[in-house]
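For reference, the chains in residue letters:
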Amino acid sequence: MAPQDKDTPPPLPAPLRVAAADSHTHLDMQGGTVDEALAKAASVGVTTVVQVGCDLAGSRWAAETAAAYDSVHATVALHPNEAPRIVLGDPDGWSRQGAREAGGDAALDAALAGIAELAALPQVRGVGETGLDYFRTGPDGMAAQERSFRAHIEIAKRHGKALVIHDREAHDDVLRILREEGAPERVVFHCYSGDAAMAEICAAAGYFMSFAGNVTFKNARALREALAVAPPELVLVETDAPFLTPAPYRGRPNAPYLVPVTLRAMAEVKGMTEDALATAVAANTARAFGY
């Protein structure tokens, strides 16, 4: 692929015959306007998107956008990597807020109070993405992540919202904390990254598993094995756009209109027709997020 292609959006896939939902996207990080993104998605049968917050400002934006568009539902949270930045500071300015001073536990509590306030809004259907990320955060940040995760579980239960989990290289601890706190009624593992054995544990607990474009990657055999054993009534599809663009467009910008590419690859793994999986995914997403 020529380097200039990296910024070229992939072509429109053939439309789905049964409308489906993108269960996890970041419209605020994508090029173009919200109207353009939603129109492009709708043109290929992706008629609903869940806009996910990762920090207080992004969560406010998600709630405002969901209030303005019938086809958008919001989730609000501090991303697992956001919690340590609030508590310990972010001298490198790695996140979108730029460099930040350490705010300690008081700053985390204030941010969590802001998330709890947003979680009460009717257009906010979930609390997330929250969880644990041992890939980006070292041992010094784990306490802040865990404290934040436990608080988000409580917020989800208090407001009767779905809990959307970001679990990166932290499977055992995520499952343990869910057991210790008592999981909310509806739990979604976003960008599911566990193996088939973990999929059985999630299925037994009734947790939804949302698969992203990385299920199409050549080296993702363990993910496809997990998808193969995941019950059809607990499977969702997502883009996590602008990230995780499905093959053969890996490395180019992702967007909700590419859901059909991932969904077709998933249908093959599950031995289901495209229409049957799209029907299941549409119903599951509505059930997971209560819309």
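Up top is the structure.
Residues numbered from 1 in each chain as written. Predicted model: local features only at pLDDT ≥ 70, side-chain atom pairs only at ≥ 80, totals over all residues. Heavy atoms only, no water.

Caption draft 1: Examining the nonpolar core more closely. Core analysis: the largest hydrophobic core is formed by 72 residues, its most contacted members being Phe149, Leu178, Phe189 and Tyr192. Element by element, the count of residues in this core is highest for helix 4 (residues 104–119), at seven residues. Every residue in contact with Tyr192, bar those within four places of it in the chain, is listed here: Met198, Ala199, Cys202, Met209, Ser210, Phe211, Leu223 and Ala226. Of all hydrophobic cores here, the second largest spans ten residues; its members include Val52, Leu236, Ala288 and Phe289. (Core = buried A, V, L, I, M, F, W, Y, C linked by side-chain atoms within 4.5 Å. Buried < 20%, exposed > 50% of the residue type's maximum accessible area, 1.4 Å probe, protein only. Helix = DSSP H or I, 4+ residues; strand = E, 2+ residues; numbered from the N terminus. Contact = heavy atoms within 4.5 Å.)

Caption draft 2: Examining the packing of helix 9 (residues 259–270) against helix 10 (residues 274–289) more closely. One can describe the packing of helix 9 onto helix 10 by two numbers: an axis separation of 9 Å at closest approach and a directional angle of 110°. As the angle between them shows, helix 9 and helix 10 are arranged roughly perpendicular. Relative to helix 10, helix 9 is oriented so that their crossing is right-handed. Residues Leu263, Arg264, Met266 and Ala267 of helix 9 touch helix 10, and the partners they reach there are Glu274, Leu277, Ala278 and Val281. In terms of residue class, the contact of helix 9 with helix 10 is made up of six nonpolar, no polar and two charged. (Axes fitted to C-alpha atoms, helices over the stretch in contact; angles between N-to-C directions. Parallel < 35°, antiparallel > 145°, perpendicular 65-115°, else oblique. Left-handed = near helix turned anticlockwise from the far one by under 90°. Nonpolar A, V, L, I, M, F, W, Y, C, P; charged D, E, K, R; others polar.)

Caption draft 3: Geometry of the packing of aromatic side chains. This structure, assessed with the given rule, holds two aromatic pairs. Taking the centre distance of 5.8 Å and the plane angle of 35° together, the rings of Phe189 and Tyr207 count as tilted. One end of the pair, Phe189, is in strand 6 (residues 187–189); the other, Tyr207, is in the loop between helix 7 (196–205) and strand 7 (208–211), with 18 residues separating them in the sequence. Residue class for Phe189 comes out buried when judged on its relative accessible area of 2%. Plain terms: the ring middles of Tyr192 and Phe211 are 5.4 Å apart, the flat faces sit at 45° to each other, and that makes the pair tilted. Residue Tyr192 is located in the loop between strand 6 and helix 7, and its partner Phe211 is located in strand 7; the two are separated by 19 residues in the primary sequence. (Phe/Tyr/Trp six-rings, centres within 6.5 Å; stacked < 30°, edge-to-face > 60°.)

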